[in-house]
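Inside the fold
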Amino acid sequence: MSDVLIVGAGPTGLTLACDLARRGVTCRIVEAAEGPSTASRAKTIQPRALEIADDLGIIDRVLQLGAINVPTRRYDRQRVISETVEVAVGTATPGVPYPPVWLSQPQLESVLRDRLAELGGQVEWGSAVSDLRQDADSVTATVRTAAGQREIRARYLVGCDGGRSMVRQRMGAVLHGTSYADHRWYLGDVYIKDLDRHCQHLWASPEHGILSLFPLPSTDIWQFQASVPADEQESGTPTLELFRRIFAERAGLPDVELQDAGWRSLYQINACLVDRYRVGRVFVAGDAAHIHSPAGGQGMNTGIQDAYNLGWKLAAVLGGADAALLDTYERERRPVAQAVLDDSTSRMHAMMRAFGDGDGSTALRGLTDDFTTGLTIAYPDSPLTTRSDGLQAGDRAPDAPCRDASTGRELRLFDLLRGPHWTLLSFGRGRGTAAWDAPVPLRAYRMTDDPTATGPDTVIDTDGQAHRIYDMREDGLVLIRPDGYIAMRAAAHEGEAAVRHATALAARPSRSR
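These notes cover the structure that comes with them. (Residues numbered from 1 in each chain as written. Predicted model: local features only at pLDDT ≥ 70, side-chain atom pairs only at ≥ 80, totals over all residues. Heavy atoms only, no water.)

Bringing the pairing of strand β12 (residues 200-205) into the picture now. With respect to burial, β12 is a largely interior element, 5 of its 6 residues being buried. Across 4 bridges, strand β4 (residues 72-76) lies against β12 in parallel orientation. Directly across from T72, in β12, lies its bridge partner Q200. Where β12 folds back on strand β13 (residues 209-215), the antiparallel hairpin that results is connected by 3 residues. (Buried < 20%, exposed > 50% of the residue type's maximum accessible area, 1.4 Å probe, protein only. Helix = DSSP H or I, 4+ residues; strand = E, 2+ residues; numbered from the N terminus. Pairing = 2+ DSSP bridges.)

Turning our eyes to something else, we now look at the nonpolar core. The biggest cluster of nonpolar side chains holds 98 residues, and the ones touching the most others in it are V4, L157, V158, L314 and M488. Top element by residues in this core is helix α7 (residues 299-318). It accounts for 11 residues. If near-sequence neighbours (up to four positions away) are discounted, L157 is found in contact with L5, V7, L132, V139, A141, V167, R281, V282 and F283. Ranked by size, the runner-up nonpolar core spans 21 residues in total, among them L211, L213, W222 and L240. (Core = buried A, V, L, I, M, F, W, Y, C linked by side-chain atoms within 4.5 Å. Contact = heavy atoms within 4.5 Å.)

This part covers the sheet that holds β12. Spatially, 8 strands are ordered β5-β4-β12-β13-β14-β11-β15-β18 in an open sheet, and the strand pairing comes out mixed. In the strand order of this sheet, the two ends are held by β5 (79-84) and β18 (290-291), each with one partner. Relative to the sheet, helix α6 (residues 240-250) contacts β11 (175-192), β12, β13, β14 (222-227) and β15 (258-274), its axis offset from that of β15 by approximately 90°. (Axes fitted to C-alpha atoms, helices over the stretch in contact; angles between N-to-C directions.)

With respect to the element layout, V7 can be found in strand β1 (residues 2-7). On the accessibility criterion, V7 (6% relative accessible area) is buried. It is 9.2 Å that separates the C-alpha atoms of V7 and S165, two residues lying 158 residues apart in sequence. In contact with V7, not counting residues within four places along its chain, are V30, V129, L157, V158, G159, C160, D161 and V167.

Let's shift gears to helix α12 (residues 495-502). Those residues of α12 not exposed but buried are G495, A498, V499 and A502. Angular distribution of buried residues about the axis of α12 spans 100°; they occupy a single face of the element. Those residues of α12 that are exposed and aimed more than 90 degrees away from the buried face are A497 and H501. Packing partners of the buried residues in α12 comprise β21 (422-427), β24 (476-480) and β25 (486-491). (Arc of directions from axis to C-beta.)

Let us now look at the packing of helix α1 (residues 11-22) against helix α4 (residues 105-118). At a minimum axis separation of 9 Å, α1 and α4 run at an interaxial angle of 20°. The orientation of α1 relative to α4 falls into the category roughly parallel. The two elements α1 and α4 cross, and the hand of that crossing is left-handed. Contact with α1, carried on its side by P11, L14, T15, A17, C18 and A21, involves Q105, E109, L112, R113, R115 and L116 of α4 and no other residues of that element. (Parallel < 35°, antiparallel > 145°, perpendicular 65-115°, else oblique. Left-handed = near helix turned anticlockwise from the far one by under 90°.)

Further remarks concern the pairing of strand β23 (residues 458-461). Residue alternation in β23 divides its side chains into two sets, T458 and I460 and V459 and D461, and both sets are buried. As paired strands, strand β19 (residues 401-404) and β23 are joined by 3 bridges and run antiparallel to one another. Pairing of R403 across the sheet is with I460, part of β23. In this sheet, β23 lies alongside strand β22 (residues 442-448) in parallel orientation, the contact comprising 3 bridges. What sits directly across from M447, in β23, is V459.

Time to look at the environment of A136. Inspection of the secondary structure assignment puts A136 in the loop between β8 (128-134) and β9 (139-145). Put simply, A136 and G280 are 144 residues apart on the chain and 8.2 Å apart in space, counted from C-alpha to C-alpha.

What follows is about the side chain of S382. For S382, the location among the structural elements is in the loop between α9 (360-365) and β19. A residue is classified by how much of its surface remains accessible, and S382, at 7% relative accessible area, is buried. Among the polar contacts made by the side chain of S382, one reaches the side chain of E332 at a distance of 2.5 Å. At a separation of 3.0 Å, a polar atom in the side chain of S382 contacts the main-chain amide nitrogen of L384. Residue contacts for S382: discarding those within four places in its chain leaves T328, E332 and R481. (Polar contact = N/O pair within 3.5 Å; in protein donor to acceptor, adjacent residues only side chain to side chain.)

Time to look at unusual backbone geometry. In the Ramachandran plot, S218 falls in the positive-phi region, its phi being about 60° despite a non-glycine side chain. Note that S218 resides in the loop between β13 and β14. In this structure S218 comes out as partly exposed when scored by relative accessible area, which is 47%. Phi angles above zero are rare outside glycine, and D471 is one such case at about 55°. As for its placement among the helices and strands, D471 is situated in the loop between α11 (465-469) and β24.

Quick look at the packing of aromatic side chains now. Enumeration according to the criterion identifies 11 aromatic pairs in this entry. Look at Y156 and F283: their rings are 6.2 Å apart centre to centre, the planes differ by 50°, and that puts the pair in the tilted class. Here F283 lies in strand β17 (residues 282-284) and Y156 lies in strand β10 (residues 148-159), a separation of 127 residues in the sequence. Take Y156: its relative accessible area is 5%, and that puts it in the buried class. Judged by relative accessible area, F283 falls into the buried class, the value being 0%. The interplanar angle of 65° and the centroid separation of 6.1 Å between the aromatic rings of F283 and Y329 together place this pair among those described as edge-to-face. In this pair, F283 is assigned in strand β17 and Y329 in helix α8 (residues 327-356), connecting sequence segments 46 residues apart. Exposure class is identical for F283 and Y329. Each is buried. (Phe/Tyr/Trp six-rings, centres within 6.5 Å; stacked < 30°, edge-to-face > 60°.)

Relative to the 16 Å expected for 12 residues at 1.5 Å per residue, α1 spans 17 Å between its end C-alpha atoms, a close match to the ideal helical length. Taken across its 12 residues, α1 has 12 buried, putting it largely inside the fold. (Expected span 1.5 Å × (residues − 1).)

Pairing in this open sheet of 7 strands is mixed, and the strands run β20-β19-β23-β22-β21-β24-β25 from one edge to the other. Whereas interior strands pair on both sides, the edge strands pair on one side only; in this sheet they are β20 (410-412) and β25. Here the strands of the sheet are splayed against their neighbours by 30° on average, with no regard to which way each runs. Where β21 lies against β22, 6 bridges are found, and the strand directions are parallel. Paired with L424 across the bridge in β22 is A444. Contacting β21, β24 and β25, α12 runs over the sheet at an angle of about 155° to β25.

As structure tokens, then:
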């Protein structure tokens, strides 16, 4: 019997599989498709998801394959109106190391599969879950393959199997929301010769609607996106001939020809949220739990964060922590999904109004801001958050430059956080917690702004950035969860008792048991 069965090998399922595998959890990941998808459904990786990629050990490959700040060239038919960077603008800062990156979903999935293989896991292709049942100790999934039907038993099951999730249906959860029949899009992947690949090409007019051709980084493929007029009765999979007709009508560049790249789709925008994320030992994550408007590029990123939130909690409970820890998954993530739904839907309506008025620049600028980055997501009301004097427990833990006092090596705070452990930063003159019998896997560091400080696990705060970013004016403790959120801020004298209180729900069984 496996510890966890993951259903669905998209970005959400693969993120969860990698996170569990690096924590030593035995998991299996099954996928109904016979092989990897080539469809570029999503292409924006937001800063918070990139920080997760950093922690999972894939950030270098993502940055190598992706692109930052792709310009948008706007047209009126054949005439170029402007060329500016209007979408996914971002600049690295001491606290935020990664701006948004353009990278197609198939390429991100490939990077995640490679990482999973390094950790000893693999996707079981052509394995469709048709039913499941659970008892007090386990979940049993019925899986259909080309060789026949079999059963897989696991202690927990997570449905990451998309908007039509079989897991969601079988667990008895229900999606509630709205379909926007007047907001439909043609999507597809095409090959194009003789078109500049350094920028996105965009046509928008009240008469014809929107047409976008986006060059997918590290490929020779373009993503084709076109709004469907409200009075158009097209249904089913669009044809290449239709894409060519739309291009001729809206763009009219005579020397540019579209060729098929294997994927075309008619997409209707829906905004839906599941009524519950968990039933017993079964969970849903990603599109199985929430379906968003693509405005703001938040859908895939929200699913990745779901997986990152759930992974360490499953591992902790499998290691003996209180099972109530798993209840915090829905309590923390469902409000985030609701906020993303509200935000992406409002952006969609604002974008369509602006494009309808012929104001493409305003529409594009409105697609992204601090919220879409994922960096403002916080869990202030979670049972895992211990507040102290109204400080920012529950917020994302920012990055900052620093230096190893023993070796002189330049570091970032993210280097200390990277991995499956909790992290304790002791600001000021304290000596850390090396002698503590920590109730959770914990790495503790003394953070000082004294450039002459020495000693093991002592980190020098370069230019005082960490003290400023974390607002540490006096000696104190900052406890950071395995998923990079601040669990506790406390005075230095509160020490071990404060840490034990903050980690009580995730604590391992005591040695006396």
